[in-house]
Amino acid sequence: MASAPSDAKPPQPDAKEGRARHRIRNARQGARHRATYGSSHRQRTRPATLPQHTRASPRAPVSHRANRLPTGRVPPFCRGVAAPKLLCLDCDSTLSAIEGVDELARRRGPDVFAAVERMTREAMDGAIPLEEVFRRRLELIRPTRADVAAVGELYVRTVEPTARETLAALRARGWTPVIVSGGYTPAIAPLAEYLGIARVEAVNLTFDARGDYAGYDTAHPAARNGGKPAILRALRAETGAGRVVMVGDGVSDLETIGAVDVFVGFGRYAVRARVEAEAPHFIRSLSGLLPLLA
Ligand SMILES: [Mg+2]
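What you are looking at is a predicted structure, and each value in this text was computed from that prediction instead of being measured.

S.K.: Sorry, what's going on with the overall build of the chain here?
M.R.: A count of helices and strands for the chain gives 10 helices and 8 strands. Residues counted as buried form 39% of the 294 residues belonging to the chain. Restricting the contact set of the chain to residue pairs at least 6 apart, pairs at least 24 apart contribute 65%.

Structure below.
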């Protein structure tokens, strides 16, 4: 006869206590960013280091069912490399075909999707500051941890078809890839791991104990207009990079042109007229980087 089942349950986390812990963690993250970037990127002086918590964790549990490729170990970021060559890549519509925020919005139905699309367009037209749009879009979508994980898998499934081979060839020439994105770090982390990219500069999201949306890293420069040039200058200062290249499809990528040695516009998934007109190089496949970067 089976013994009587134990009715002892594992201790449940107290919701109030969980929220308090999240508030403390958010406050600490904010303080770290303010210490690095200042209270506004416009007032920021060049920092010595970038915040550690924006790095993709090599130990994050990631599913690659779509590609069934080994994830391997993520290499340390620029360790022991004197004057590294940094290859900074946008994520949405560059390393991957999708726009992550659109995919998160789509999961909330057509009305939310249309509203988010309108806000994004207004930000791109300059009608609303990016930081305002960033907050409003997330408040509307309120992505859960599960939503973000699903979009993370989608990023991997829709990876730019030449990305892996191109990055392997460029690594062999001494380039260190970095993702610099106005997207969300936990959504991008699976793609970063799939591509073996150790460093992601994007905006972190926080979730409560149940996995519901609890906020975002409001201090990260990627959540503001002019954020990408600030990130690239900080990366150069942190690593002592000898060369910094930026590749991307968007106007926010084009804005980095004064902060990098080479800017490469990208047009496989979306061709922005201004980027195509003003970029010194414009490619439609990431393999197009190979003849450009020695
Ligand atoms: Mg993009």
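Moving on, there is more to tell.
S.K.: Help me understand the sheet that holds strand β7 (residues 262-266) in this model?
M.R.: Paired through their backbone hydrogen bonds, the strands of a sheet run either parallel or antiparallel. Spatially, 6 strands are ordered β3-β2-β1-β6-β7-β8 in an open sheet, and the strand pairing comes out parallel. Looking at which strands have only one partner, the edges of the open sheet turn out to be β3 (200-203) and β8 (281-283). The average undirected angle you get between the axes of adjacent strands in this sheet is 20 degrees.

S.K.: Is there a simple way to explain unusual backbone geometry in this structure?
M.R.: Only a minority of non-glycine residues have a phi that is not negative, and only a minority of peptide bonds are not trans. At Ser93, a residue that is not glycine, the phi angle is positive and equals roughly 60 degrees. Within the fold, Ser93 resides in the loop between β1 (85-89) and α2 (100-106). We classify Ser93 as buried; it has 23 C-beta atoms within 10 Å. Positive phi is not limited to glycine here, since Arg142 has a value of about 45 degrees. Mapped onto the fold, Arg142 is located in the loop between α4 (130-141) and α5 (145-157).

S.K.: Teacher, can you tell me more about the nonpolar core here?
M.R.: If you look at soluble globular proteins, the nonpolar side chains tend to sit buried side by side. If you look at the biggest cluster of nonpolar residues, it comprises 63 residues, and the most contacted ones within it are Cys88, Ile179, Ile188, Leu191 and Val245. When residues in this core are grouped by element, the largest group, 7 residues, is from helix α7 (residues 185-195). Once you skip the residues sitting within four places of it in the chain, Leu191 turns out to touch Cys91, Leu95, Ser96, Tyr155, Val156 and Val159.

S.K.: How do you make sense of the pairing of β7 when you look at a structure like this?
M.R.: Looking along a regular strand, one sees side chains alternate from face to face of the sheet. Burial analysis of β7 places 4 of its 5 residues in the buried class, which makes it a mostly covered element. With 4 bridges joining them, strand β6 (residues 243-248) and β7 adopt parallel strand pairing. The residue of β7 that forms the bridge with Met246 is Phe263. Bridge count for β7 against β8 is 3 bridges, and the pairing is parallel. Across the sheet, the residue bridging to Val264 is His281, located in β8. Handedness of the β7-helix α10 (residues 273-278)-β8 crossover: right-handed.

S.K.: Explanation requested: the environment of Arg243 in the structure shown.
M.R.: Here Arg243 lies in strand β6. Taking the C-alpha atoms as reference, Arg243 lies 7.6 Å from Val260; in sequence the two are 17 residues apart. Among all residues touching Arg243, those that are not within four sequence positions of it are Lys85 and Asp261.

S.K.: Help me understand the environment of Arg171 in this model?
M.R.: Position of Arg171 among the secondary structure elements: in helix α6 (residues 163-172). Exposure remark for Arg171: the 14 C-beta atoms within 10 Å place this residue in the partly exposed category. When the C-alpha atoms of Arg171 and Leu87 are compared, they prove to be 9.5 Å apart, with 84 residues separating the residues in sequence.

S.K.: Teacher, can you tell me more about α7 here?
M.R.: Residues three or four positions apart in an α-helix share a direction because the helix packs 3.6 residues into each turn. Burial analysis of α7 places 11 of its 11 residues in the buried class, the great majority of the element. All of the buried residues along α7 are Thr185, Pro186, Ala187, Ile188, Ala189, Pro190, Leu191, Ala192, Glu193, Tyr194 and Leu195. Check the buried side of α7 and you find it contacts α2, α5, α6, β2 (175-184), β3 and β4 (205-207). Gly196 lies just past α7 and shows a positive phi near 70 degrees.

S.K.: It is not clear to me how the confidence of the model for the chain should be interpreted in this structure. Could you clarify?
M.R.: When pLDDT is averaged along the chain, the result is 81; 72% of the residues meet or exceed 70. Here residues 1-10 is a poorly scored stretch, pLDDT under 50, and it has 0 contacts once near neighbours within four places are set aside; other chains count. pLDDT under 50 marks residues 36-75. Its contacts with residues more than four places away, or in other chains, come to 75 contacts.

S.K.: Is there a simple way to think about the packing of α5 against α7 in this case?
M.R.: Two packed helices can be described by the angle between their axes and the distance between those axes. Orientation of α5 relative to α7, taken along the N-to-C sense of each, is 35 degrees, at an axis distance of 7 Å. Seen along the crossing, α5 lies across α7 with a hand that is right-handed. Counted together, Val148, Val151, Gly152, Glu153, Tyr155 and Val156 of α5 and Pro186, Ala187, Ile188, Ala189, Pro190, Leu191 and Tyr194 of α7 form the full contact between these two elements. In the contact of α5 with α7, the residues fall into 11 nonpolar, 1 polar and 1 charged.

S.K.: Please explain α5 as it appears in this structure.
M.R.: Helix length check: α5, at 13 residues, gives a terminal C-alpha distance of 19 Å against a target of 18 Å (1.5 Å per residue), a fit within 8%. Those residues of α5 not exposed but buried are Val148, Val151, Gly152, Tyr155 and Val156. Angular distribution of buried residues about the axis of α5 spans 150 degrees; they occupy a single face of the element. Next to the buried residues of α5 lie α2, β2, α7 and β4.

Parameters at a glance
Residues numbered from 1 in each chain as written. Predicted model: local features only at pLDDT ≥ 70, side-chain atom pairs only at ≥ 80, totals over all residues. Helix = DSSP H or I, 4+ residues; strand = E, 2+ residues; numbered from the N terminus. Buried ≥ 20, exposed ≤ 12 C-beta atoms within 10 Å, placed from the backbone. Contact = placed C-beta atoms within 7 Å. Pairing = 2+ DSSP bridges. Axes fitted to C-alpha atoms, helices over the stretch in contact; angles between N-to-C directions. Core = buried A, V, L, I, M, F, W, Y, C linked by C-beta atoms within 7 Å. Right-handed = clockwise from strand over helix to strand, strands pointing away. pLDDT = per-residue confidence, 0-100. Left-handed = near helix turned anticlockwise from the far one by under 90°. Nonpolar A, V, L, I, M, F, W, Y, C, P; charged D, E, K, R; others polar. Expected span 1.5 Å × (residues − 1). Arc of directions from axis to C-beta.

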